[in-house]
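# Remarks on the overall topology
Chain by chain, the residues:
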Amino acid sequence: MKPFNLDSWVTEWTRVAEKNERKADQLAAEGRKVTANEYYLKASTFYREACWPQPVTDQRMMPSYKKMRETFDKAWKMTRAPFERIQVNYEGTMLDGYFRKPNGPAGKRFPVMIAFQGADTMAEATILGGGAYAARGMAYLAVDFPGQGGALRLKDLHLPPDTERIAKAMIDY
């Protein structure tokens, strides 16, 4: 990878993502689901690394973003996900995210940690870190806010200056 060179960054992260995806496909075909899950998650991480610095106008951005989501989804077809997929209503638009809760009786409410991520973060990068909160009896909510992940790339939603509107939607959820 060449320093300060976006083309090199995207090319190299994509190359290693594709390598891990091929290995995951092979492992899945062999029925080795747990290890395939791990390799799909690695591929997803590497596609995300290729994607995040790309401007939305870059022709490679959307394909790398979609591969990140695709491999993340494939990972959770191999094993049971420790979270549920959710949608949060933000002023009439549905924001995609993930909700992870600790073990406990059905219907029990838990304190919730809301991941208020930075601009380059995506919910897929954040949700797996929620295990530390779940182990301590807290739920964890990770959502692509306007200006992030799918909200930006798929819905063209940009971060408003009054971000408390987004926080309200998360709290209401």
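First, a word on what this report is: a plain description of the structure on this page.

Rules and cut-offs
Residues numbered from 1 in each chain as written. Predicted model: local features only at pLDDT ≥ 70, side-chain atom pairs only at ≥ 80, totals over all residues. Heavy atoms only, no water. Pairing = 2+ DSSP bridges. Helix = DSSP H or I, 4+ residues; strand = E, 2+ residues; numbered from the N terminus. Phe/Tyr/Trp six-rings, centres within 6.5 Å; stacked < 30°, edge-to-face > 60°. Buried < 20%, exposed > 50% of the residue type's maximum accessible area, 1.4 Å probe, protein only. Axes fitted to C-alpha atoms, helices over the stretch in contact; angles between N-to-C directions. Parallel < 35°, antiparallel > 145°, perpendicular 65-115°, else oblique. Left-handed = near helix turned anticlockwise from the far one by under 90°. Contact = heavy atoms within 4.5 Å. Nonpolar A, V, L, I, M, F, W, Y, C, P; charged D, E, K, R; others polar. Expected span 1.5 Å × (residues − 1). Salt bridge = Lys/Arg side-chain N within 4 Å of Asp/Glu carboxyl O.

Once that is clear, we can look at the pairing of strand S2 (residues 93–100). Relative to S2, strand S1 (residues 84–90) is paired through 7 bridges, and the arrangement is antiparallel. Of the residues in S2, the one forming a bridge with Val88 is Leu95. In this antiparallel pair of consecutive strands, S1 and S2, the connection spans 2 residues, and Glu91 shows a positive phi of 50°. Summarising the sheet, S2 and strand S4 (residues 139–143) pair through 4 bridges and their orientation is antiparallel.

As a further point, take the packing of aromatic side chains. Going through the model one piece at a time under the given rule, you end up with 11 aromatic pairs. An angle of 75° between the planes, with centres 5.0 Å apart, marks the rings of Phe83 and Tyr98 as edge-to-face. Placement of Phe83 in the loop between helix H3 (61–78) and S1 and of Tyr98 in strand S2 is noted, with a sequence separation of 15 residues between them. Like Tyr98, Phe83 is buried.

Before going further, it helps to spend a moment on the packing of helix H1 (residues 6–29) against H3. For the pair H1 and H3, the least separation of the axes is 12 Å and the interaxial angle reads 25°. Accordingly, the angle class assigned to the pair H1 and H3 is roughly parallel. Note that H1 runs across H3; the crossing there is left-handed. Contacts from Glu21, Asp25 and Ala28 of H1 reach H3 at Lys67, Glu70, Thr71, Lys74 and Met78. Per-class residue counts for the contact of H1 with H3 are 2 nonpolar, 1 polar and 5 charged.

This brings us to helix H2 (residues 33–51). For H2, with 19 residues, the first-to-last C-alpha span of 26 Å sits near the 27 Å given by 1.5 Å per residue. Turning to H2, the residues buried within the fold contact H1, H3, helix H4 (123–126) and helix H6 (149–153).

Attention now moves to the pairing of S4. Consecutive residues of a regular strand have side chains that alternate between opposite faces of the sheet. With 5 of its 5 residues buried, S4 lies for the most part within the structure. Of the two faces of S4, both are covered, the one formed by Ala139, Leu141 and Val143 as well as the one formed by Tyr140 and Ala142. Bridge count between strand S3 (residues 112–114) and S4: 3 bridges; the pairing is parallel. Residue pairing in the sheet places Ile114 in a bridge with Leu141 of S4.

Let's shift gears to the pattern of salt bridges. Scanning the entire structure with this criterion turns up 15 salt bridges. For the salt bridge of Glu124 with Arg69, the shortest nitrogen-to-oxygen distance reads 3.3 Å. Of this pair, Glu124 sits in helix H4 while Arg69 sits in helix H3, placing them 55 residues apart in sequence. As far as burial versus exposure is concerned, Glu124 and Arg69 are alike and both buried.

A few words now on the sheet that holds S1. A sheet is described by the order of its strands in space; here 4 strands give the open sequence S1-S2-S4-S3, paired in mixed fashion. Because the sheet does not close on itself, it has two edges, and the strands there are S1 and S3. Strand-to-strand twist in this sheet, taken as the mean axis angle between neighbours without regard to direction, amounts to 30°. Set on the sheet, helix H7 (residues 164–172) makes contact with S1, S2, S3 and S4; between it and S1 the angle comes to about 130°.

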